[in-house]
Amino acid sequence: MNAKVFINAQIATMTPSSPYGLIPNGAIAVLNGKIDWVGSSSALPMKYQIWEQEDVNQRLITPALIDCHTHLIYGGNRAQEFEMRLQGASYEDIALAGGGVVSTVQQTRNLSEDQLVQTALPRLDHFIAEGVTTLEIKSGYGLTIDDELKMLRAARRLQTLRPIRIKTTFLGAHAVPQEYKGNADAYLDEICLPALTQAAKEGLVDAVDAFCETIGFSPAQVQRVFALSKELNLPVKIHAEQLSDQKGAILAASFHALSADHLEYLSLDGIEAMKASQTVAVLLPGAFYTLRETQLPPIDGLRKNGVPMAIASDSNPGSSPLTSLLLCLNMACTLFRMTPEEALTGVTRHGAQALGLSDKIGTLETGKIADLAIWNVEHPNELAYRIGYNPLIKRIYGDA
């Protein structure tokens, strides 16, 4: 039996019962990787008082962090494009020079599965060092059947090499590759849909995503992907309303999507549809920052309608080369005017909901997996307040 009690702690359970679900001078009992009890130290039942105890000296314990939207598996980088943009190059200039998503697709195709794993590990280690125990990874830079499957296999392998929970998402409908330029429907027929079917057959995919945008796929094309997902009994999510209002969130809500992500141009009808379907809004401040966007997502509308808001890194080589979820908390507050509590909820309780894992992780409650983070701070608002500072003392991965 593996039993331990953490005592003398400030515990942010992140349940909605009170601000941060805060328990001053609390204790949390962990048995075989599950939370067995949590509450005030003064109410600690006698049976736990004989267990091994760890005094955390009034430090903060929160649920471990969850990054529910990343593109962590890819080849190469796009630092040269970053420099070109700062020197005045347009998107078209960069594309003509062989840059953009096409560049990442080519570099990803050029790497083996082993190489993709090895290049992703240093990025993953940055997230782990900040208290992340659950991380979603999308495909979408292969855009052939073999290369999409290669990306998903590489993502699955990461959790065999590190103590972390990986959720994989098929994003074959991310972009139209050069060889199918101008013929997105043929790409769907010949590559995307067959790749999804094969990925599901091999057990490589936990959810399905699509980029619904004028430069991506139309709502009608995304609907084809989602229809197959439904047949395969896979939940869906969507990149929607990042650059324009294509009503992608409404489409996703009609399929009871786990989440709709980006959402800068989301309108009231999309908010209402998401509320009705309990679809989580995943906000991505790293991409907003990197692309120097000016259209803010409708935070007030989401808040007033009770749509859960998650925060994620969108870690990718082009629009969000970011590997710090703690920095995302600060960005969510400073750029999107979210509260520190909303931001922390976004990488705990609502992050879990966006991955369909609310019954297992995201809050500190009896029966849930003991994914914990212990921080050298006095109050949870410090996690969003500091910039570029990591106060993590210990990360506990309950599945280990």
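Parameters and conventions
Residues numbered from 1 in each chain as written. Predicted model: local features only at pLDDT ≥ 70, side-chain atom pairs only at ≥ 80, totals over all residues. Heavy atoms only, no water. UniProt positions renumbered as here; feature names shortened; annotations may be inferred. Helix = DSSP H or I, 4+ residues; strand = E, 2+ residues; numbered from the N terminus. Expected span 1.5 Å × (residues − 1). Buried < 20%, exposed > 50% of the residue type's maximum accessible area, 1.4 Å probe, protein only. Contact = heavy atoms within 4.5 Å. Polar contact = N/O pair within 3.5 Å; in protein donor to acceptor, adjacent residues only side chain to side chain. Core = buried A, V, L, I, M, F, W, Y, C linked by side-chain atoms within 4.5 Å. Salt bridge = Lys/Arg side-chain N within 4 Å of Asp/Glu carboxyl O.

- The protein carries the name Imidazolonepropionase in an unreviewed UniProt entry, which gives Terasakiella brassicae as its organism.
- According to the UniProt record, the Function (unreviewed entry) comment for the protein reads "Catalyzes the hydrolytic cleavage of the carbon-nitrogen bond in imidazolone-5-propanoate to yield N-formimidoyl-L-glutamate. It is the third step in the universal histidine degradation pathway."
- Taken directly from UniProt, the Catalytic activity (unreviewed entry) text for the protein runs: "4-imidazolone-5-propanoate + H2O = N-formimidoyl-L-glutamate".

1. Focus on helix α4 (residues 113–129)
Thinking step 1. Relative to the 24 Å expected for 17 residues at 1.5 Å per residue, α4 spans 24 Å between its end C-alpha atoms, a close match to the ideal helical length.
Thinking step 2. By the burial criterion, the buried members of α4 are Leu116, Val117, Ala120, Leu121, Arg123, Leu124, Phe127 and Ile128.
Thinking step 3. Remark: Gly131 follows α4 within two positions and exhibits a positive phi of approximately 95°.

2. Some details on the UniProt feature "binding site: Fe(3+)" (unreviewed entry) in the protein
Thinking step 1. UniProt tags His69, His71, His239 and Asp314 as "binding site: Fe(3+)" (unreviewed entry). A maximum C-alpha distance of 12.4 Å places the annotated residues, which cover 246 residues in sequence, within one compact spot.
Thinking step 2. Residue position: His69 is located in the loop between β6 (65–67) and α1 (79–86).
Thinking step 3. Using a relative accessible area of 0% as the deciding quantity, one classes His69 as buried.
Thinking step 4. Sequence-distant contacts of His69, that is, excluding residues within four places in its chain, are made with Glu136, Lys138, His239, Asp261, Val282, Leu284, Ala312, Ser313, Asp314 and Ser315.
Thinking step 5. Within the local environment of His69, its side chain forms a polar contact with the side chain of His71, the two groups lying 3.2 Å apart.

3. Notes on the nonpolar core
Thinking step 1. Counting residues in each nonpolar core, the largest one holds 93 residues, and the members touching the most others are Ile73, Leu124, Leu135, Leu158, Val225, Phe226 and Trp375.
Thinking step 2. Sort the elements by how many residues they give to this core and helix α6 (residues 184–201) lands first, with ten residues.
Thinking step 3. Once residues within four sequence positions are removed from consideration, Ile73 is found in contact with Leu116, Ala120, Ile137, Tyr141, Met151, Ala154, Ala155 and Leu158.
Thinking step 4. Core analysis: the second largest hydrophobic core is formed by 15 residues, Val38, Ile61, Ala370 and Ile396 among them.

4. Concerning the UniProt feature "binding site: Zn(2+)" (unreviewed entry) in the protein
Thinking step 1. Cross-referencing UniProt, the feature "binding site: Zn(2+)" (unreviewed entry) maps to His69, His71, His239 and Asp314 in the present numbering.
Thinking step 2. Accessibility expressed as a relative area gives 2% for Asp314, which makes it buried.

5. A closer look at the pattern of salt bridges
Thinking step 1. Taken as a whole, this structure holds 25 salt bridges when the rule is applied.
Thinking step 2. Put simply, Lys394 and Glu54 hold a salt bridge, and the shortest N to O gap is 2.8 Å. You can see Lys394 sitting in strand β15 (residues 392–396) and its partner Glu54 sitting in strand β4 (residues 52–55), a full 340 residues away along the chain.
Thinking step 3. Note that Arg156 is salt-bridged to Asp206, the shortest N-O span being 3.0 Å. Highlighted residues: Arg156 in helix α5 (residues 145–161) and Asp206 in the loop between α6 and β9 (207–212), separated in sequence by 50 residues.
Thinking step 4. Overlapping salt bridges, with partners in common, bring together Lys4, Glu52, Glu54 and Lys394 in one network.

6. Things to note about the environment of Lys275
Thinking step 1. With respect to the helices and strands, the residue Lys275 is situated in helix α9 (residues 268–277).
Thinking step 2. Separated by 200 residues in sequence, Lys275 and Gly75 place their C-alpha atoms 37 Å apart.

7. Topic: the environment of Cys333
Thinking step 1. Residue position: Cys333 is located in helix α12 (residues 325–336).
Thinking step 2. As a C-alpha pair, Cys333 and Pro317 span 16 residues in sequence and 24 Å in three-dimensional space.

8. Points about the side chain of His239
Thinking step 1. Assignment of secondary structure puts His239 in strand β10 (residues 237–240).
Thinking step 2. Reaching out from His239, the side chain makes a polar contact with the side chain of His69 at a distance of 3.3 Å.
Thinking step 3. One polar contact links His239 to Asp209, side chain to side chain, over a distance of 3.1 Å.
Thinking step 4. Setting aside residues no more than four positions away along its own chain, His239 makes contact with His69, His71, Lys138, Leu171, Asp209, Ala210, Phe211, Cys212, Asp261 and His262.

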